[in-house]
Amino acid sequence: MIWSDPSILEVISNPTEEAYEVKIDCPELTFVGVKEQPDFAILHITYYPIDKVMELRSLKRYIFDFRNRVISYERLINVVYEDLIKVYEPKRLRLVMECNPRGGISSVLTIDSDWAVRGGKEEFKDWL
């Protein structure tokens, strides 16, 4: 099954070789949950670019592309993570997805490329 269209994502060349952190908030992540009800989340993206920087308009189009897709929270964060890693090849990528409450329960999901289980070196200790 096709979950996303990463070809939507455009790349900007990084204007510097100096290290820096980019933080992006996507407060309107909407999708259809597995019970075919609309779901809403805020996606927080933190990344350390190497050669490529995210073009924000294309990121917005990519995020909006999930609006009519039936997908679970857990699958969604993994799909977005895999696409962003593949397209932008950052030194580090951290995603935090805050899902709106449903039935009195809310969820927060996190993925960090620095984690050893994700192939990282665990060199950044800010998540401990």
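Residues numbered from 1 in each chain as written. Predicted model: local features only at pLDDT ≥ 70, side-chain atom pairs only at ≥ 80, totals over all residues. Heavy atoms only, no water.

Colleague: Help me understand the nonpolar core, please; the structure alone is not making it clear to me.
Modeller: Note that soluble globular proteins tend to have their nonpolar side chains buried in a common cluster. Within the largest apolar cluster, 33 residues are counted, with the highest numbers of intra-cluster contacts made by Ile 45, Leu 59, Leu 84 and Met 97. Contributions of two or more residues to this core are made by β2 (22-32), β3 (38-48), β4 (52-54), α1 (56-64), α2 (73-88), β5 (92-102) and β6 (105-112). For this core, the leading source of residues is α2, giving nine residues. Those residues in contact with Leu 84, other than ones at most four positions away along the chain, are Leu 9, Ile 45, Met 54, Leu 59, Glu 89, Pro 90, Leu 93 and Leu 95. (Core = buried A, V, L, I, M, F, W, Y, C linked by side-chain atoms within 4.5 Å. Buried < 20%, exposed > 50% of the residue type's maximum accessible area, 1.4 Å probe, protein only. Helix = DSSP H or I, 4+ residues; strand = E, 2+ residues; numbered from the N terminus. Contact = heavy atoms within 4.5 Å.)

Colleague: What is the right way to look at the sheet that holds β5 in this model?
Modeller: Within a beta sheet, neighbouring strands are joined by backbone hydrogen bonds and run either parallel or antiparallel to one another. Strand order in the open sheet formed by four strands is β2-β3-β5-β6, with antiparallel pairing between adjacent strands. Pairing within the sheet leaves two strands with one partner each, and these edge strands are β2 and β6. Taking the axes of each pair of neighbouring strands and ignoring which way they run, one obtains an average angle of 15° across the sheet. Pairing geometry for β5 and β6, over seven bridges, is antiparallel. (Pairing = 2+ DSSP bridges. Axes fitted to C-alpha atoms, helices over the stretch in contact; angles between N-to-C directions.)

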